[in-house]
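# Structural overview
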Number of protein chains: 4
Amino acid sequence: MIQDEVFKVGFEVRDHELDAQGIVNNANYQHYFEHARHRFLRSRGVDFVGLHEEGLDAIVHRIEIDYRESLRSGESFEVSVVLKREGKLRLVFEQELRKGDGRLSARARVVTAIVTAGAAGPRPVPPPPGLLERLLGEKGPGEDASGR
Amino acid sequence: MIQDEVFKVGFEVRDHELDAQGIVNNANYQHYFEHARHRFLRSRGVDFVGLHEEGLDAIVHRIEIDYRESLRSGESFEVSVVLKREGKLRLVFEQELRKGDGRLSARARVVTAIVTAGAAGPRPVPPPPGLLERLLGEKGPGEDASGR
Amino acid sequence: MIQDEVFKVGFEVRDHELDAQGIVNNANYQHYFEHARHRFLRSRGVDFVGLHEEGLDAIVHRIEIDYRESLRSGESFEVSVVLKREGKLRLVFEQELRKGDGRLSARARVVTAIVTAGAAGPRPVPPPPGLLERLLGEKGPGEDASGR
Amino acid sequence: MIQDEVFKVGFEVRDHELDAQGIVNNANYQHYFEHARHRFLRSRGVDFVGLHEEGLDAIVHRIEIDYRESLRSGESFEVSVVLKREGKLRLVFEQELRKGDGRLSARARVVTAIVTAGAAGPRPVPPPPGLLERLLGEKGPGEDASGR
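Residues numbered from 1 in each chain as written. Chains lettered and ligands numbered in written order. Predicted model: local features only at pLDDT ≥ 70, side-chain atom pairs only at ≥ 80, totals over all residues. Heavy atoms only, no water.

Right, let's get into the overall build of chain A. Scanning chain A from terminus to terminus reveals four helices and six strands. Going residue by residue from the N terminus, the α and β elements of chain A occur as α-β-α-α-β-β-β-β-β-α. Burial statistics for chain A: of 148 residues in total, 50% are counted as buried. Within chain A, contacts between residues separated by at least 24 positions form 64% of all contacts whose residues are at least 6 apart in sequence. Element-wise, carbon and sulfur atoms account for 49% of the exposed surface of chain A, whose accessible area totals about 7000 Å². (Helix = DSSP H or I, 4+ residues; strand = E, 2+ residues; numbered from the N terminus. Buried < 20%, exposed > 50% of the residue type's maximum accessible area, 1.4 Å probe, protein only. Contact = heavy atoms within 4.5 Å. Areas by Shrake-Rupley, 256 points an atom, 1.4 Å probe, with all protein chains shown as cover.)

Shown next, in the form of structure tokens:
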């Protein structure tokens, strides 16, 4: 049941993403994970590029990716997004990339923060309450259309 | 003195690597780190694409990247490569990406292994002795600090 | 009616494809066009990577792209594929990239050939008859399931 | 002598730019050509990202690329830039990509214009005189061969 709530985005391998080993180059997984996160944000009414124009940038502090089974030409896969708050400043995304048959291809943990321009460069700030509510609030995915 | 021994590759930001925030997109750091590793391999007489043609693939099991200070249009930077063996199967790269003025922009730890094609998919094998000698041998970086 | 026959692939902009101008970087259009071509090939039972493993490489000789209206964050679009034979050696793809509302964003003409490894490097060869039949033969797209 | 005047930028292939055919994917040539153009602009005191921040965007209207000889792992190459004005609105770049031994790998013709934000979307404007002077002025490449 909770599983149903997990936000997911479908993809298929594009051949230019392969490298000379005939498998998807590692850096492209980071593109997939990022695209799924941005789609998740948009599904909650948060626009990555719009945030930037308001002077707030969502930035990645740290990323950890475990690679399990390589993606190959013609394969389809899904990337999931689970968001958790850690401390006052951190928003942590836990993501899985699974092939069509459900096998785990890669897993990522992405530590992000909101920064704003300061005199001495970007400075982390607590995510604005309105943003937090949209991202972590009562109205989770799958409940938008509920009868509440 | 030890500093001189560390393998480094110079880069400059290409504008297509920027994203709408005006900073280099996170995935491109993975390209930079990979290119520096492959250049390191080649400097030791090991060819990434050649390995693949011999039936051995160097693959990444896990990558951890800490992002410290974003790269911007027009900036130059250097990526360092230090290689260590861990256990029988793992070759671990420790890498730093520093801007022209020496400030740390990002740091990576990349856990790799050598795999070969098996009946049930790729199977990790201990790096062949000849390969290890070239990568970590007498002239290898792992002994820079040794008393010999 | 003929319009229905045109092969099309749907896409959406991924934010890492934007550059500092906030629009999709020009080179990414080439990725979109290529992915649509490879999907077209696969829909006809022709596998780009498989061809390579048989010693035949489909290569691009020349590409012309006209850019009309930039793609932006969050936009969806479709890429069409029409294939024509020119002379004995050339397969020419005519492609359009249209936004969700039908507006033309870019148009491409891609001149390709089949090459095979020769003593003096790759050498163009006429596309094998079986390949041509699958790509340009009686069984056009949309007719696969027809009652003929 | 004239040859000496042509602006050139050196590159080397990065392995992630290869595709499953073991050659550099076509779209990456567009990255190389673009980076060389932006380096050319900067050498004349014109900053691509800075222009954008002033409300002027240099955009590509059309690109034509002829591919002659594929780039492979480990290869070095140079990209040249020659700029010409065409009509009131167009700045045309003619570019060659040559391998270390001088062999032509690819050639591009890139038609660009300066656009500014208008009520009905971007609108082409004649390049500002100060910009033209820096790009095509007395020290510009377009006059290398002139009789002055």
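For the coordinates displayed, the defined rule picks out 28 aromatic pairs over all chains. Relative to Phe77 of chain B, the ring of Phe11 of chain B lies with its centre 5.2 Å away and its plane at 0°, an arrangement referred to as stacked. Note that Phe11 of chain B is positioned in strand β1 (residues 7-12) and Phe77 of chain B in strand β3 (residues 76-86), a separation of 66 residues in sequence. Each of the two residues, Phe11 of chain B as well as Phe77 of chain B, counts as buried. Aromatic pair Phe7 of chain C and Phe40 of chain C: ring centres 5.6 Å apart, planes at 75°, arrangement edge-to-face. (Phe/Tyr/Trp six-rings, centres within 6.5 Å; stacked < 30°, edge-to-face > 60°.)

The subject of this paragraph is the relation of the copies chain D and chain B. Screw-axis analysis of chain D against chain B gives a translation of 0.0 Å along the axis, an RMSD of 0.0 Å, and a rotation angle of 180°. One copy is carried onto the other by what is essentially a two-fold rotation axis. No C-alpha of chain D approaches the rotation axis more nearly than that of Phe11 of chain D, which lies at 5.0 Å. Most of the interface of chain D is mirrored in chain B: 100% of its interface residues are interface residues there too. (Least-squares fit on C-alpha atoms with pLDDT ≥ 70 in both.)

The two copies are related by a screw motion: chain A maps onto chain B through a turn of 180° and a shift of 0.0 Å along the axis, at an RMSD of 0.0 Å. In this assembly the copies share their binding face: 100% of the residues contributing to the interface of chain A also contribute to that of chain B.

A word on the interface of chain A and chain B. Across the boundary between the two partners, chain A contributes 22 residues, which contact 22 residues of chain B. Counting every contact that joins chain A to chain B gives four salt bridges. Our enumeration of links across chain A and chain B arrives at 18 residue pairs in polar contact (both at pLDDT 80 or more). Contributing elements (two or more residues each) for the side of chain A that touches chain B: α2 (26-43), α3 (48-53) and β2 (56-67) of chain A. Classifying every residue of the side of chain A that touches chain B gives nine nonpolar, seven polar and six charged. (Salt bridge = Lys/Arg side-chain N within 4 Å of Asp/Glu carboxyl O. Polar contact = N/O pair within 3.5 Å; in protein donor to acceptor, adjacent residues only side chain to side chain. Nonpolar A, V, L, I, M, F, W, Y, C, P; charged D, E, K, R; others polar.)

So, on to the interface of chain D and chain B. Contact residues are listed per partner, giving 20 residues for chain D and 20 residues for chain B. Summed over both sides, the interface between chain D and chain B buries roughly 1700 Å², with carbon and sulfur atoms accounting for 44% of that surface. Seen at the junction of chain D and chain B, the total is four salt bridges. Its salt-bridge partner being Arg39 of chain B, residue Glu12 of chain D comes within 2.3 Å of it at the nearest N-O pair. Here chain D is connected to chain B by 10 residue pairs in polar contact (both at pLDDT 80 or more). Mapped onto the side of chain D that touches chain B, the elements with two or more residues apiece are β1 (7-12), α2 (26-43) and α3 (48-53) of chain D. A total of seven residues in the side of chain D that touches chain B trace back to one element, the largest contributor, which is α2 of chain D. Counted by class, the side of chain D that touches chain B contains six nonpolar, six polar and eight charged residues. (Buried area = accessible area lost by both parts, 1.4 Å probe.)

Time to look at the pattern of salt bridges. Overall, the coordinates contain 53 salt bridges over all chains when judged by the stated rule. Taking the shortest distance from any N to any O, the salt bridge between Arg62 of chain B and Asp66 of chain A comes out at 2.9 Å. On the criterion of chain membership, the pair formed by Arg62 of chain B in strand β2 (residues 56-67) and Asp66 of chain A in strand β2 is interchain, its members lying in two chains.

Where helix α2 (residues 26-43) of chain C contacts α2 of chain D, the axes come no closer than 8 Å and their chain directions differ by 175°. In terms of orientation, α2 of chain C and α2 of chain D fall into the roughly antiparallel class. Only Asn26, Ala27, Gln30 and His31 of chain D of α2 of chain D make contact with α2 of chain C, whose side of the interface consists of Asn26, Ala27, Gln30 and His31 of chain C. Along the lines of polarity and charge, the residues of the contact of α2 of chain C with α2 of chain D split into two nonpolar, six polar and no charged. (Axes fitted to C-alpha atoms, helices over the stretch in contact; angles between N-to-C directions. Parallel < 35°, antiparallel > 145°, perpendicular 65-115°, else oblique.)

Our next topic: the pairing of strand β5 (residues 104-118) of chain D. All names here are of chain D. Among the 15 residues in β5, 11 count as buried, and that is most of the element. By the bridge criterion, 11 bridges tie strand β2 (residues 56-67) to β5 in an arrangement that is antiparallel. Residue pairing in the sheet places Ile63 in a bridge with Val110 of β5. Where strand β4 (residues 90-99) lies against β5, eight bridges are found, and the strand directions are antiparallel. Pairing of Arg98 across the sheet is with Leu104, part of β5. Counting the residues that bridge the hairpin from β4 to β5 gives four residues, and of these Gly102 lies at a positive phi of roughly 90°. Note: β5 against strand β6 (residues 121-125), five bridges, orientation antiparallel. Counted as the bridge partner of Ala117 is Pro122 from β6. Hairpin connection, β5 to β6: the antiparallel pair is bridged by two residues. (Pairing = 2+ DSSP bridges.)

The values are spatial; any link to function lies outside them.
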